[in-house]
Amino acid sequence: DRRRLYGRLAAMFFAGAGVLGLITLPLPAPGSQPTATAAVYAVALALGIAIWFAPWGSWPLAASLAIVPPAFALIAVGNAFGGEDLHTYSVFFVVAFVWIGMAHPPRTSAAMAPLAAAAYILPLFFLPESIEAGLASAAVTIPVCVLVGEGIAWSVGRLEQIELALARERDRTERLRELDEMKDRFLSAVSHELRTPITI
């Protein structure tokens, strides 16, 4: 159920980004290429629909990491064709790392950081702004994304440990209740068996 939940959440992020991008196409950033940008958002929407119907429940959790490179690639291509405003694309990286932190164990966000840095930096060579400004933005955005992802992963892991401890405590309580019922039945039977000869 948890794997299916994380898969569906990723599908919502893909499809939501695609729909949001298509809705905001009439408000283009300076220097953007609307046709290419629309294609990127349409691919994100299509991927979101496909990811929604994927059999996440039968796949191992690590299999869901396969959707991270396409997500970073779409962000990079969208950045390359989306115009001069670099800062809006950092939001997509934050969303991606939030999902990585929720769906995967600690240190996964750190492992994905080089890929995210490449996706952030490569489009800078196709944009008219200075590369130095983009590099400075990447130097802040990617570490913050990793911190967010790792913090969420640690918190989710801690919550899972608490859930396991609560489940074990519930099992112990249930066993104690059954033992108490067995004791009551035993005492009732013994008292009945003792009362009969005593009465005689």
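Structure's up top.
Residues numbered from 1 in each chain as written. Predicted model: local features only at pLDDT ≥ 70, side-chain atom pairs only at ≥ 80, totals over all residues. Heavy atoms only, no water.

Draft legend 1. A look at the nonpolar core. One finds F72, F93, F97 and W99 to be the most contacted residues of the largest nonpolar core, which totals 35 residues. At 7 residues, helix α4 (residues 87-103) tops the list of elements feeding residues into this core. The contact partners of F72, leaving out residues within four places of it in the chain, are F93, A96, F97, I100, M112, L115, A116 and A119. (Core = buried A, V, L, I, M, F, W, Y, C linked by side-chain atoms within 4.5 Å. Buried < 20%, exposed > 50% of the residue type's maximum accessible area, 1.4 Å probe, protein only. Helix = DSSP H or I, 4+ residues; strand = E, 2+ residues; numbered from the N terminus. Contact = heavy atoms within 4.5 Å.)

Draft legend 2. Structural detail: the packing of helix α1 (residues 2-23) against helix α2 (residues 34-52). Axis separation between α1 and α2 bottoms out at 7 Å; the angle between their running directions is 155°. When the interaxial angle is binned, α1 and α2 end up roughly antiparallel. The chirality of how α1 crosses α2 is left-handed. Mapping the contact onto sequence places G7, R8, A10, A11, M12, F14, A15, A17, G18, V19, G21 and L22 in α1 and A38, Y41, A42, A44, L45, L47, G48, I51 and W52 in α2. In terms of residue class, the contact of α1 with α2 is built from 16 nonpolar, 4 polar and 1 charged. (Axes fitted to C-alpha atoms, helices over the stretch in contact; angles between N-to-C directions. Parallel < 35°, antiparallel > 145°, perpendicular 65-115°, else oblique. Left-handed = near helix turned anticlockwise from the far one by under 90°. Nonpolar A, V, L, I, M, F, W, Y, C, P; charged D, E, K, R; others polar.)

Draft legend 3. Representation of empty space enclosed by the protein within the structure. According to the stated counting rule, one finds 1 cavity of 30 Å³ or more in the structure shown. Considering only enclosed or pocket space, the largest cavity measures out at about 40 Å³ in volume. What lines the largest cavity is R3, Y6, G7, W56, W59, P60, L61 and S64. Split into classes, the residues belonging to the lining of the largest cavity amount to 5 nonpolar, 2 polar and 1 charged. (1 Å grid on protein atoms, 1.4 Å probe; cavity = no way out; pocket = protein on both sides within 12 Å on 5 of 7 lines; lining within 4 Å. Points joined across faces, edges and corners; volume = space filled by probe spheres on them.)

Draft legend 4. Looking closely at the pattern of salt bridges. According to the stated counting rule, one finds 7 salt bridges in the structure shown. We note a salt bridge from R2 to E160, for which the minimum N-O separation is 3.1 Å. Taken together, the positions of R2 in helix α1 and E160 in helix α6 (residues 131-199) put the pair 158 residues apart, joining distant regions of the chain. We note a salt bridge from E174 to R177, for which the minimum N-O separation is 2.4 Å. Of this pair, E174 and R177 are both found in helix α6, 3 residues apart, which corresponds to roughly one turn of the helix. Assessed through its relative accessible area of 34%, E174 is described here as partly exposed. Each of the salt bridges in this network shares a partner with another, and the network as a whole consists of R2, E160 and E163. (Salt bridge = Lys/Arg side-chain N within 4 Å of Asp/Glu carboxyl O.)

Draft legend 5. Local environment of α2. Over its 19 residues, α2 runs 27 Å from end to end, which matches the ideal 27 Å to within 8%, given 1.5 Å per residue. Of all the residues in α2, the buried ones are T37, A38, V40, Y41, A44, G48 and I51. When α2 is viewed along its axis, its buried side chains cluster within an angular range of 160° and face the same direction. (Expected span 1.5 Å × (residues − 1). Arc of directions from axis to C-beta.)

Draft legend 6. Layout of the packing of α2 against helix α3 (residues 68-81). It is at 9 Å that the axes of α2 and α3 come closest, and there the two elements cross at 160°. One element, α2, and the other, α3, form an angle in the roughly antiparallel class. Between α2 and α3 the crossing geometry is left-handed. In this structure, α2 contributes A36, T37, V40, V43, A44 and L47 to the contact, and α3 contributes P70, L74, V77, G78 and F81.

Draft legend 7. Examining the side chain of H104 more closely. Relative to the elements of secondary structure, H104 occurs in the loop between α4 and α5 (108-121). The class for H104 is buried, based on a relative accessible area of 4%. Within the structure, the side chain of H104 is placed 2.9 Å from the side chain of S64, a separation counted as a polar contact. Excluding its chain neighbours within four sequence positions, the residues that come into contact with H104 are L61, A62, S64, L65, W99 and A153. (Polar contact = N/O pair within 3.5 Å; in protein donor to acceptor, adjacent residues only side chain to side chain.)

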